[in-house]
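# A look at the structure
Single-letter residue listing:
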Amino acid sequence: MLYAIDRAARNEGPLDIECRMKRPTGEVRYVHSRGDLIHGNDEQAILFGTVQDITDRIMRQHEAEKNALLLQIASRISHLGGWKFDVGTGHVIWSDEVCRIHEVPCNTSPTPQEAINFYAPEWRQKIQARFDACIKNGVPYDEELQIITVTGRTVWVRAIGEPVRDVENVITGIQGAFQDISERKRTEENAQLLEQRMTTTLDSITDAFYTLDRQWRFTYLNREAERLFQRPRQELLGKVLWEEFGALQGQIGYREFHRAVQENCTVAFEEFYAPYHVWSEVRAYPSEEGLTVYFHDITNTKKTQEALQVSEERFRIIAKSTNDALWDYDLISNTNWRSETVMNLFGYAPEEFEGSINLWSDRIHQDDRSRVLNSLDAALTGEGDRWSDEYNFVRKDGSISYVLDRGFIIRNGEGKATRVTGAMVDLTERREADARLREQASLLDKAKDAIVVRGLDNRVHYWNKGAERLYGWTAEEAIGRSVAELLYEDPTDLHDATRQVIELGEWSGEITERRKNGTTLPVEAQWTLVHDEAGQPKSIFAIKTDISLRKAAERRVQQLAFYDPLTQLPNRQLLMDRLERAMAAGTQSGHVGALLFIDLDDFKSLNDTLGHATGDLLLQQVGLRLTACVNDTDTVARFGGDEFVVLLERIGENIEEAVARTTSKGESILDALNQIYHLGDYEHNSTPSIGITLLKNDEVDIGELLKQADMAMYQAKAAGRNTLCFFDPRMQAAVSARMSLEADLRQGLRERQFLLHYQPQVDKAGRITGVEALIRWQHPKRGMVSPLEFIQLAEETGLILPLGEWVLETACRQLASWAAVPKLADLEIAVNVSARQFHYHGFVEQVLGALAITGAIPQRLKLELTESMLFENLEGTISKMNVLKARGISFALDDFGTGYSSLAYLKRLPLDMLKIDRSFVRDLLTNANDAVIARTIIALGCNLGLKVIAEGVETEDQRDFLFQHGCDAYQGYLCTKPLPAHDVAAIIATRSGTMPNGNQTS
């Protein structure tokens, strides 16, 4: 300053200097001093001038230099540069970063056409049109396109252009930004590829966001938006915002949204939505399509700063164009600055970082803080110009972000770091996505099932550990190879299923595949068609499960359900199914089939003598012999026990041919089954009885056919066994008659149609000492039915038990009634007991109960047993007889001499009487054998101390012969036929001269 004044004073030039001045208060100001040397009349020179305060201009200049530096650094970090086109010069001015992107020397200034020629051919027409529209009509543009650098590299760029106007609003050029976005594009493509491979949508954005078209209709909502709107996205997509949420109309959001669209500007505001009682912070970004809106619940107000100068506005555009949080750290002043993106990423307002670097470092997670600060300090004290680190950063809401932080270090002339400018990139979602992908890949590898991804050309893209275990090929061996070559001997099923999955989008089913070792296995497959981002089929995702064990189990269940476990022949259920199909086929074709019902004769004897194991051996060999006798199209089934059924399909075209061929087949079966069987250490002869019925084209159901064959089999047994017999319709008539009789018998029991007649028993003195109770059936239509017609049927059907119980109780009531009449009080009543009734487990209690209920005297009741029933459980028979004998009940052995008549058991039984059967009495006067038998029975009874009575005596000569040889009593038509109780009482009264009222009506 002094030097400048001195020069002016020496008239070496005017005074014109900028310098600093210090006020008395100590404040330093910048001033501009101007002056000239003026000579007075006295020729005394005076320096006259002005001092102008230029502090504000100097400060703005410094700030502009700072911003220019920041802009240059930010451009290098974010690959973003600026450009300008001047209509006057006709050239484009590129920043250094734009030149680097094009890989041309710095300060290159191309013509517009040269600049456009850098774009890839497919983009040139579009950028030319956008450039022309901007320069002619002032339409700004913001496009993402591809350029080809001078080295031939293809680079994705974002090109932004805005018109530049003079004071008269005339367009004088274009200025804009140019950014290399290749890395972002690659990231997006990788993200899309990962998303397609895993078929999942990453929807982990913490803020709620939605998009609207120009008609305010929802075009997208994320999951958080669904939650805050309290409406599912399916209900909102395509709906108008103001119609669905009417309370928003007239509010700040309504005005700001319209302003954002009309002015093409970003808006941010707070709004209270009364229906939901929610305060939201809303940020809306306009686009050609409409609005993109971010919102979330808030408690603090976010403020935005307006740019003070053109450079600040440009820097704001740069900061907004990247998703990174830009920052600047001034080491000299220890001040820290953050861009607005820090709010979007971490929830902090930029002002919360203004000040010491500690405002940033304190928010680094405590586990990483020391390491990160040491890393930064090492970079600052070193010689390099870059620093980067990855660490966990605590968001405003307390959650953790994983960030990549990179900085560019500015050093002074001495190499000392004075400033660091950089950007924070939130890697949380990418890291979480990578972790999820690794976890999912790990889970896929841990899956028991095989997971395979293949292209539409059938070549393997992915092969998990489960596939390695299932097929034997490693992933390295399988990937790139065709599944048709790897897994299928015949790829027909593969091609059919692939066509279905391409047509329908998915396919599931069972398919047979091949292992590396050549063995085959059944798998259950779920195939899903995967599409690319354009919606075109891209690959097939397959999950395959080995179902070998399940198939084996199903075969086992099939075997158990439809095959006899002993003989491995079809069982009854499978036979019924095949018989039904055979009948349907025969009806359609007109052919005749045959059904052979085979029963082994005396099989029970084999089981009882040699045991069930030996019996099982016989059944197995019979099954094998039967199978050998028939064709593959015929069926041999074990029907149950020792019964087999053979189904012969299409045995003839007519009845005559079918009978002839079936007879021949039946005879061959008879011959085969008559051969000696080797059963372990035993040789055994067995014969079958075979019943045959034909499968004709008529309306006979399966049950009826089996019944016909069964009846024919029993006819074969009746014919002497070891033979075959065809079904005769007369058998059916007999069966129908039997069934009708059985039904009537049951009804007769319900309606008490039965009654007892009594046949007197007469001793040598001519006295009636007792009677035998004989049942009669008074049928309303059949009339009086003889016991010979229904007793055997009652035995076979089990109706003998209730019938026998009724006879026993009725006889006891008659005893009790006669006991009140002196002339009849000594009468005994003999009641016949069937084998089935006697061996019934409650028989003893039944007899004693009848006596107790009626009050009959036990000594007047005699039970008649037959010889045949005594052989079954002899010890149990004797025990029951002894219990009843102890109560006074007596026993007679009925029909003696017709059975085995074993003296061994006779002397052990607590009997009181023997009864000579009528078959010996009828001809004893003319047949010497019958006479000898009668005398022998009488002598045996006398020697054993038993009374003897003969039945069926019809003549006096028969009576006299019996009495002459020691018989104690007789019964038969010589005295009287069986009569009702009152008629018996009348006979007794006639013989005694009185007419006692001793009958009992039942």
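Just above, that's the structure.
As the structure is a prediction and not an experimental result, all values here were calculated from the model.

### A word on the pattern of salt bridges
Taken as a whole and judged by the stated rule, the model has 58 salt bridges. Its salt-bridge partner being Arg371, residue Asp389 comes within 2.9 Å of it at the nearest N-O pair. Pair noted here: Asp389 is in strand β16 (residues 386-394) and Arg371 is in helix α14 (residues 366-381), with a separation of 18 residues, a long-range link. A cluster of three or more residues bridged by salt bridges with shared partners is formed by Arg23, Glu27, Arg29 and Asp53.

### Regarding the nonpolar core
Counting 78 residues, the largest nonpolar core has Leu861 and Leu863 as the members making the most contacts within it. Considering each element in turn, this core owes the most residues, nine residues, to helix α28 (residues 800-819). Non-local contacts of Leu863, meaning those with residues more than four positions away in its chain, are made with Leu808, Val831, Val833, Phe843, Val847, Leu884, Ile889, Ser890, Phe891 and Ala892. Judged by nonpolar contacts, the second largest core, of 30 residues, contains Leu596, Leu606, Val622 and Leu673.

### Concerning the pairing of strand β20 (residues 460-463)
Sheet topology note: the strand β19 (residues 450-455)/β20 ladder contains three bridges and is antiparallel. Paired with Val453 across the strands is Tyr462, a residue of β20. Following β19, the chain reverses through four residues before pairing antiparallel with β20; Asn458 in that reversal takes a positive phi of roughly 75°.

### Focus on the environment of Ala709
The topology assignment puts Ala709 in helix α25 (residues 702-718). It is 6.8 Å that separates the C-alpha atoms of Ala709 and Leu595, two residues lying 114 residues apart in sequence. Setting aside its immediate chain neighbours within four residues, Ala709 contacts Leu595, Phe597, Gly691 and Thr693.

### Section: a nonpolar patch on the surface
Together, Leu2, Ile5 and Leu47 make up a nonpolar patch on the protein surface, roughly 270 Å² of accessible area in all. With respect to the helices and strands, the residue Leu2 is situated in helix α1 (residues 2-9).

### As for the packing of helix α30 (residues 843-854) against helix α31 (residues 874-886)
Closest axis-to-axis distance for the α30/α31 pair is 10 Å, and the angle between their directions is 20°. When the interaxial angle is binned, α30 and α31 end up roughly parallel. The hand of the α30/α31 crossing is right-handed. Residues Phe843, Val844, Val847 and Leu848 of α30 form the contact with α31, whose participating residues are Lys880, Val883 and Leu884. Class assignment of the residues belonging to the contact of α30 with α31 gives a composition of six nonpolar, no polar and one charged.

### So, the packing of aromatic side chains
Counted according to the given criterion, the structure contains 37 aromatic pairs. Measuring from centroid to centroid gives 5.7 Å for Phe754 and Phe790, while their planes differ by 55°, and the two rings are tilted. Note that Phe754 is positioned in strand β31 (residues 754-763) and Phe790 in helix α27 (residues 787-797), a separation of 36 residues in sequence. Residue Phe790 is classed as buried on the basis of its relative accessible area of 0%. Cluster of aromatic residues (ring-pair linked, three or more members): Trp327, Phe346, Tyr348, Phe353, Trp360, Trp387, Tyr391 and Phe393. Sitting over the ring of Phe353, Arg338 keeps its end group 5.1 Å from the ring centre. Note that Arg363 overlies the ring of Tyr348, its terminal NZ or CZ placed 4.5 Å from the centroid.

Each value, and the rule that gives it
Residues numbered from 1 in each chain as written. Predicted model: local features only at pLDDT ≥ 70, side-chain atom pairs only at ≥ 80, totals over all residues. Heavy atoms only, no water. Salt bridge = Lys/Arg side-chain N within 4 Å of Asp/Glu carboxyl O. Helix = DSSP H or I, 4+ residues; strand = E, 2+ residues; numbered from the N terminus. Core = buried A, V, L, I, M, F, W, Y, C linked by side-chain atoms within 4.5 Å. Buried < 20%, exposed > 50% of the residue type's maximum accessible area, 1.4 Å probe, protein only. Contact = heavy atoms within 4.5 Å. Pairing = 2+ DSSP bridges. Patch = residues over 30% accessible without salt bridge, like charges linked within 9 Å, V, L, I, M, F, W, Y side chains within 5 Å. Areas by Shrake-Rupley, 256 points an atom, 1.4 Å probe, with all protein chains shown as cover. Axes fitted to C-alpha atoms, helices over the stretch in contact; angles between N-to-C directions. Parallel < 35°, antiparallel > 145°, perpendicular 65-115°, else oblique. Left-handed = near helix turned anticlockwise from the far one by under 90°. Nonpolar A, V, L, I, M, F, W, Y, C, P; charged D, E, K, R; others polar. Phe/Tyr/Trp six-rings, centres within 6.5 Å; stacked < 30°, edge-to-face > 60°. Lys NZ or Arg CZ within 6 Å of the ring centre and 35° of its normal.

These figures come from the coordinates and say nothing about function on their own.
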